[in-house]
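Results of the structural survey
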Amino acid sequence: MNQLQRTKELHQQSSNWLSNPGSIELSAIEQLRDILRWHEYRYYVQNDPLISDAEYDVLFKILQKFEQEHPAIITSDSPTQRVGVGLANDFAKVEHLVPMLSLENSYNADDLLDWDRKARELSGLETIEYCVEPKFDGASISLIYENNLLTRSATRGDGTVGDEITLNTKQIKSVPLSAKFSSYGIEQIEIRGEVLINKKNFKAYNEKLMEEGVPPFANPRNAAAGSLRIKDPTVVSNRNLEVFLYHVSFTTNTEKTTTTSLFPSENSSLIQQPKSHSAMLEMLWELGFRSPKNELKVVKGINGVIKYIAEFEEKREELPYEIDGMVVKVNDLQLQEKLGMTSHHPRWAIAFKFKARQGTSKLLSVEFQVGRTGAVTPVAKIVPVMVGGVTVSSISIHNEEYIKEKDLMLGDTILIERSGDVIPQIVKSFAELRTGDETNIQFPKNCPVCDHELFKPAEEAVWRCINISCTAQVVERIIHFVSKDAMDIKSFGEANVRKFYDIGLLKGIPDIYRLDFGKIGQLEGFGKKSIDNLQTAIELSKSQPLHRLIFGLGIRYVGETTAKTLANAVTHLFDFTNLSEEQLIQLEDVGTKVAGSIHRFFKDEVNLLMLQELEGLGISLKNQKKQVAENDTLAGQTFLFTGSLMKLKRSDAEEMVEQNGGKIVSGVSSKLNYLVVGEEAGSKLEKAKKIQSIKIINEEDFIKMLSK
Ligand code: IVH
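Presented here is a report on the structure given in the accompanying data block. (Residues numbered from 1 in each chain as written. Predicted model: local features only at pLDDT ≥ 70, side-chain atom pairs only at ≥ 80, totals over all residues. Heavy atoms only, no water.)

Quick word on the environment of Leu546
Structurally, the position occupied by Leu546 is in helix 17 (residues 546-552). Measuring from C-alpha to C-alpha, the distance between Leu546 and Gln12 comes to 58 Å, with 534 residues separating the pair along the chain. Contact partners of Leu546, with chain neighbours within four places excluded, come to Ala567, Val570, Leu573, Leu621, Lys622, Asn623 and Gln624. (Helix = DSSP H or I, 4+ residues; strand = E, 2+ residues; numbered from the N terminus. Contact = heavy atoms within 4.5 Å.)

Okay, structure coming up:
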């Protein structure tokens with residue numbers, strides 16, 4: 001059976017099962033495993049899945065259930081056996097079956113021509129067939145399979161002895177736990193490859209680290225290598241590691257042959273072992289491994305090699321993973337053997353290194369920038385240097401911990417790297433080049449923008465300015481304050497905040513309630529109607545429920561849910577000034593980190609003054625729900641809303657009715673006083689029209705009633 005027939009068969013079976021998962025029987029468990037392995041192969045190796053993640057999960061869960069009910073039938077290569085819950089790597093030292101040598105490097109066409117000439121002289125051939133493939137920039141690993149099962153995986157280490165990382169390697173979904181090498185008559189095989197983290201995942205992971213205040217990795221290579229060194233395999237499993245397998249270093253043959261196989265098909269007779277490197281990579285691919293089958297090119301003669309390298313380099317930026325060059329290999333395995341090795345590297349292969357995206361520079365000074373959340377970030381000013389076609393003159397050095405870790409001093413010579421579309425990073429400083437004139441980097445004690453004292457929570461790496469009125473943060477804070485989920489000041493929006501700030505109308509949050517509408521009216525694009533709308537929205541926001549105000553203050557760690565919990569805990573916002581951290585921790589979902597942050601915010605003089613200012617401007621700091629309606633404009637009146645409101649959220653409008661002493665009723669009856677009608681009102685309106693006592697009003701009328 002060929003690959004195509006096999007694909008159709010597996011797809012058919014998988015579709016049948018997915019349309020009726022209940023029909024999967026325990027006796028078909030090995031077939032179910034095969035199908036799951038095949039879907040993993042389609043997804044992680046071929047990058048061409050045939051089912052959705054959810055459908056995969058349906059099948060996976062059935063397998064898990066079967067195995068839980070019958071633990072005796074679990075096999076070590078079952079797709080369920082990747083996740084090593086409760087197991088830990090001990091990184092035992094292991095000797096490689098064949099030393100993991102490095103490759104000779106070349107940097108230009110002349111180097112390659114020289115190398116080819118030597119290889120031709122040694123082999124006595126006029127032209128040599130080469131296989132050219134990417135040089136993956138990750139961490140190299142070795143995989144050993146014995147009797148079709150993955151039995152050991154190790155890092156390169158010093159080339160002779162590496163660290164055993166089998167549990168971690170099993171977390172890489174493109175590494176098969178078993179493969180039918182027996183159909184090639186292979187009993188034991190050692191495969192080499194590179195573990196990678198792709199650019200997208202790397203960027204996302206680094207961003208997450210930075211958000212947590214943890215120093216990011218300088219490049220995907222360090223991130224991949226670091227991930228392989230994690231003790232807990234379940235953590236590794238979340239790193240989305242990938243692999244490319246590019247070399248078979250060792251095989252032993254079996255006497256007898258097994259005939260069951262997934263890749264290739266069952267009942268196949270013994271397949272001849274490959275005689276060339278490219279055919280070897282093809283074999284690995286067929287057996288379920290991610291080899292660079294689609295990236296490689298087989299060419300006769302070195303000129304074709306040079307051409308392909310140039311073509312591939314053009315694509316470098318668009319590749320989803322990092323490469324740092326190409327590797328040229330003599331394709332014929334017999335010829336490889338004949339050429340042999342020097343003590344350092346094989347004569348049958350050479351690496352071609354692309355232009356470095358690294359550069360050295362000097363750290364001149366450090367500036368401290370205050371971000372919109374108050375985080376103070378040190379930014380190194382360096383002697384401008386070209387890195388991968390871009391001039392770099394300043395570079396973020398994240399936080400104090402990072403400075404310590406990279407051992408950075410003013411005046412240091414530093415190594416810089418820019419990987420893909422990732423912002424440049426410092427790889428290291430050269431301590432050995434110091435002259436003694438270098439000085440330590442001093443972190444400021446006060447905000448470089450507003451001079452407010454800086455604060456660093458114990459559990460964090462980042463110093464912050466918590467002055468809500470700090471000009472470095474104020475624009476972003478106002479944008480957050482007026483936003484939909486906070487005070488919901490309609491028609492304000494980011495663009496207006498920036499505009500009003502730029503012309504000096506807004507300097508802080510309280511200015512929202514002192515806007516000079518006369519001046520705004522003179523601005524382009526502000527007609528009477530838009531000013532009216534803005535004014536109404538600002539007015540309405542004064543009586544927004546307390547949780548919206550709390551969320552709007554942008555207190556660190558206080559999201560919408562916490563804001564609601566907090567609002568419910570007090571009758572007035574200033575009650576927080578009397579609550580201790582211990583008391584705050586008693587609240588639902590408030591941990592030490594959140595309690596600390598709230599406590600600090602309400603102990604801060606500058607913040608309290610601003611809140612007093614807001615109260616003076618008519619903003620309610622009270623928890624209206626906990627009080628008897630402070631305002632009885634609507635006392636004794638009942639309301640019902642129908643259709644879609646344009647200016648208010650239905651729930652907010654209802655809340656406003658209650659805050660003003662009114663009541664919401666659930667249906668149209670003679671007990672209803674006001675029906676507030678929005679767009680596209682339906683049957684409620686029709687019904688209300690028939691009851692004379694009901695006053696039918698629109699949203700505008702409702703807002704007017706409130707502002708009376
Ligand atoms: S072949 C005996 N092929 O580059 C030859 N290596 O300095 C084994 N590398 O340590 C290596 N991509 O980690 C080979 N397509 C590729 C490669 C590759 C990346 C790494 C590998 C090796 C280093 C050579």
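What about the pairing of strand 14 (residues 390-396)?
Pairing geometry for strand 13 (residues 376-387) and strand 14, over six bridges, is antiparallel. Paired with Met386 across the two strands is Thr391, which belongs to strand 14. (Pairing = 2+ DSSP bridges.)

Here's the deal with the site of the ligand
What surrounds the ligand is a group of 14 residues, the closest being Glu133, Phe136, Glu194, Tyr246 and Lys329. Between a nitrogen atom of the ligand and a main-chain N or O atom of Pro134, the distance comes to 3.0 Å. At 2.8 Å, a side-chain N or O of Glu194 approaches an oxygen atom of the ligand. Contact with the protein chains hides 90% of the accessible area of the ligand, taken as 530 Å² for the molecule alone. Elements represented by at least two residues in the shell around the ligand include exactly strand 3 (129-136), strand 8 (241-253) and strand 10 (323-330). With four residues, strand 3 is the single largest residue contributor to the shell around the ligand. In the shell around the ligand, the residues fall into seven nonpolar, three polar and four charged. (Near = heavy atom within 4 Å. Polar contact = N/O pair within 3.5 Å; in protein donor to acceptor, adjacent residues only side chain to side chain. Areas by Shrake-Rupley, 256 points an atom, 1.4 Å probe, with all protein chains shown as cover. Nonpolar A, V, L, I, M, F, W, Y, C, P; charged D, E, K, R; others polar.)

Quick notes on the pattern of salt bridges
Tallied over the full model, the rule gives 41 salt bridges. Linked by salt bridges that have partners in common, Glu30, Arg33, Asp34, Arg37, Glu67 and Asp77 make up one network. (Salt bridge = Lys/Arg side-chain N within 4 Å of Asp/Glu carboxyl O.)

Points about the packing of helix 13 (residues 471-482) against helix 14 (residues 493-502)
In the contact formed by helix 13 and helix 14, the axes pass within 9 Å of each other and the chain directions differ by 145 degrees. As for the relative orientation of helix 13 and helix 14, their crossing is right-handed in sense. Listed contacts from helix 14 to Thr471, Val474, Val475, Glu476, Ile478, Ile479 and Val482 of helix 13 are Gly493, Glu494, Val497, Arg498 and Tyr501. The class makeup of the residues in the contact of helix 13 with helix 14 is seven nonpolar, two polar and three charged. (Axes fitted to C-alpha atoms, helices over the stretch in contact; angles between N-to-C directions. Left-handed = near helix turned anticlockwise from the far one by under 90°.)

Looking at the sheet that holds strand 22 (residues 695-698)
On the basis of which strands lie adjacent, the open sheet formed by four strands has the order 20-19-21-22 and parallel pairing. For this open sheet the edge positions go to strand 20 (663-664) and strand 22, each flanked by a neighbour on one side alone. As paired elements, strand 21 (residues 674-677) and strand 22 share four bridges and run parallel to each other. Considered in strand 22, the bridge of Val677 is made with Asn698. Together, strand 19 (638-642) and strand 20 form the strand contacts of helix 22 (residues 650-659), whose direction differs from that of strand 19 by roughly 170 degrees. In the packing of helix 24 (residues 699-707) onto the sheet, contacts are made with strand 19, strand 21 and strand 22, and the angle to strand 22 comes to roughly 95 degrees.

What about the nonpolar core?
Phe492, Ile512, Leu549, Leu573 and Leu611 are the most contacted members of the largest nonpolar core, which has 54 residues in total. Of all the secondary structure elements, the ones that give two or more residues to this core are helix 13, helix 14, helix 15 (517-522), helix 16 (528-541), helix 17, helix 18 (560-569), helix 20 (592-603) and helix 21 (605-616). Ignoring anything within four residues of it in the chain, the contact list for Phe492 reads Val482, Val497, Phe500, Leu506, Ile512, Leu515, Leu534 and Ile538. Phe181, Tyr184, Val195 and Phe202 belong to the second largest nonpolar core, which has 36 residues in total. (Core = buried A, V, L, I, M, F, W, Y, C linked by side-chain atoms within 4.5 Å. Buried < 20%, exposed > 50% of the residue type's maximum accessible area, 1.4 Å probe, protein only.)

Section: the packing of aromatic side chains
As enumerated under the stated definition, the model contains 22 aromatic pairs in all. Centre to centre, the rings of Phe244 and Tyr321 are 5.2 Å apart; their planes meet at 65 degrees, and the pair counts as edge-to-face. Here Phe244 is found in strand 8, whereas its partner Tyr321 is found in the loop between helix 10 (302-314) and strand 10, with 77 residues between them in sequence. As far as the burial class goes, Phe244 and Tyr321 line up, both buried. Aromatic pair Phe641 and Phe702: ring centres 5.2 Å apart, planes at 90 degrees, arrangement edge-to-face. Of the two residues, Phe641 sits in strand 19 while Phe702 sits in helix 24, which places them 61 residues apart along the sequence. Accessibility classification places Phe641 together with Phe702 in one group, the buried group. A connected cluster of aromatic rings, assembled from ring pairs, spans Phe136, Phe244, Tyr246 and Tyr321. The ring of Phe91 has Arg229 lying over it, and the distance from NZ or CZ to the ring centre is 4.6 Å. In this arrangement the basic side chain of Lys695 is found over the ring face of Tyr674, its NZ or CZ atom lying 5.1 Å from the centre. (Phe/Tyr/Trp six-rings, centres within 6.5 Å; stacked < 30°, edge-to-face > 60°. Lys NZ or Arg CZ within 6 Å of the ring centre and 35° of its normal.)

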